[in-house]
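Coordinate inspection notes
If you want the building blocks of each chain, they are given just below.
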Amino acid sequence: MSGRELPGRTKPQFLIHHVDVRIRVRRLPGERFLPSCTAGHTQAGGGGIMLWGTFSGAALGPVVVVEQTLKAANYLNIIADQLHPYTAYVFPTGNGIFQQENAPCHKARIVLEWFEKHTDEFHLMSWPPNSPDLNPMEHI
C-alpha cells in the first residue's frame, strides 16, 4: 500500500493496486512472482478499504479494518471494543476528549446514549454543523 499525496488531490489515498504509478521489480532471468505476492486482476481501477483509528498526543491507538458497512451497531461495537480500553489506558483519570464527525452512524441514538453512559471516563467533543474540516485523521 502507498500513503503518499497524489498530484492534484487534497487528501492522501491508500492505493492497493498501484493504478497510478509504475512499479519496477528486478528479477533474475526466468524468475517469476510468487502467486501469493500478486494483487490479482482488478477491473475498473481497483477498490478500497475503510479504516477506523484513534490517536492522541500520548499514544497511538488501534487501527481497525472495517469489513462491512459502518452502520450505528457496527460503529458502537468498534468504540466499545477499541476506543473504550484505549481511553481507559491513556487517560486513566477520565480527562480524555474524543472527537468524531457528524456521520449518520456517529449521531445515532444508540451511539450517543453509549457516550452519555461513559461521560465520567472521557468527554465527547461536539462537531458543529458546517464547520471547517477539523478531522485530523484525514490529514495524517
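Residues numbered from 1 in each chain as written. Predicted model: local features only at pLDDT ≥ 70, side-chain atom pairs only at ≥ 80, totals over all residues. Heavy atoms only, no water.

As annotated in an unreviewed UniProt entry, the chain is Transposable element Tc1 transposase from Araneus ventricosus.

Assigned secondary structure in the chain consists of 3 helices and 4 strands. Reading the secondary structure of the chain in the N-to-C direction produces β-β-α-β-α-α-β. Counting every position in the chain, which comprises 140 residues, the buried fraction comes to 24%. A fraction of 58% describes how many contacts in the chain between residues 6 or more apart in sequence connect residues 24 or more apart. Within the structure as shown, the chain displays about 10600 Å² of accessible surface, and the carbon and sulfur contribution to it stands at 55%. (Helix = DSSP H or I, 4+ residues; strand = E, 2+ residues; numbered from the N terminus. Buried < 20%, exposed > 50% of the residue type's maximum accessible area, 1.4 Å probe, protein only. Contact = heavy atoms within 4.5 Å. Areas by Shrake-Rupley, 256 points an atom, 1.4 Å probe, with all protein chains shown as cover.)

Before going further, it helps to spend a moment on the side chain of glutamine 100. Its location among the elements puts glutamine 100 in the loop between strand E3 (96–99) and helix H2 (104–107). Under the relative-accessibility criterion, glutamine 100 is labelled buried at 7%. A polar side-chain atom of glutamine 100 sits 2.4 Å from a polar atom in the side chain of tyrosine 75. Only 3.3 Å separates the side chain of glutamine 100 from the backbone oxygen of histidine 106, close enough to count as a polar contact. The contact partners of glutamine 100, leaving out residues within four places of it in the chain, are Tyr75, His106, Phe115, Leu124 and Trp127. (Polar contact = N/O pair within 3.5 Å; in protein donor to acceptor, adjacent residues only side chain to side chain.)

Attention now moves to a nonpolar patch on the surface. A cluster of nonpolar side chains, contributed by Ile49, Leu51, Val63 and Val65, occupies part of the molecular surface with about 350 Å² of accessible area. Here isoleucine 49 is to be found in the segment before strand E1 (50–55). Taking the relative accessible area as the measure of exposure, isoleucine 49 reaches 46% and is therefore partly exposed. (Patch = residues over 30% accessible without salt bridge, like charges linked within 9 Å, V, L, I, M, F, W, Y side chains within 5 Å. Salt bridge = Lys/Arg side-chain N within 4 Å of Asp/Glu carboxyl O.)

Inspection of the entire model under this criterion finds 4 aromatic pairs. Aromatic pair tryptophan 114 and phenylalanine 122: ring centres 6.1 Å apart, planes at 45 degrees, arrangement tilted. Across the pair, phenylalanine 122 and tryptophan 114 agree in class, each one buried. Aromatic pair phenylalanine 115 and phenylalanine 122: ring centres 5.9 Å apart, planes at 85 degrees, arrangement edge-to-face. (Phe/Tyr/Trp six-rings, centres within 6.5 Å; stacked < 30°, edge-to-face > 60°.)

This brings us to the confidence of the model for the chain. Looking at the chain as a whole, its pLDDT mean stands at 75, while 63% of the residues score no less than 70. When pLDDT is averaged over each helix and strand of the chain, the minimum, 85, is found for E1 and the maximum, 94, for helix H3 (residues 109–117). Counting interchain partners and residues more than four positions distant, the pLDDT-below-50 stretch residues 1–13 has 24 contacts. (pLDDT = per-residue confidence, 0-100.)

Relative to the elements of secondary structure, tryptophan 52 occurs in strand E1. Overall, tryptophan 52 belongs to the buried group, its relative accessible area being 8%.

Core analysis: the biggest nonpolar cluster contains 17 residues, and Trp52, Tyr75, Ile79, Leu83, Phe98, Val111 and Phe115 have the highest contact counts within it. Elements that contribute at least two residues to this core include exactly strand E2 (60–66), helix H1 (72–90) and H3. Here this core gets 6 residues from one element, more than from any other, and that element is H1. Once residues within four sequence positions are removed from consideration, isoleucine 79 is found in contact with Trp52, His84, Val111, Trp114 and Phe115. (Core = buried A, V, L, I, M, F, W, Y, C linked by side-chain atoms within 4.5 Å.)

In this structure, glutamine 68 sits in the loop between E2 and H1. Only 3.4 Å separates the side chain of glutamine 68 from the side chain of asparagine 74, close enough to count as a polar contact.

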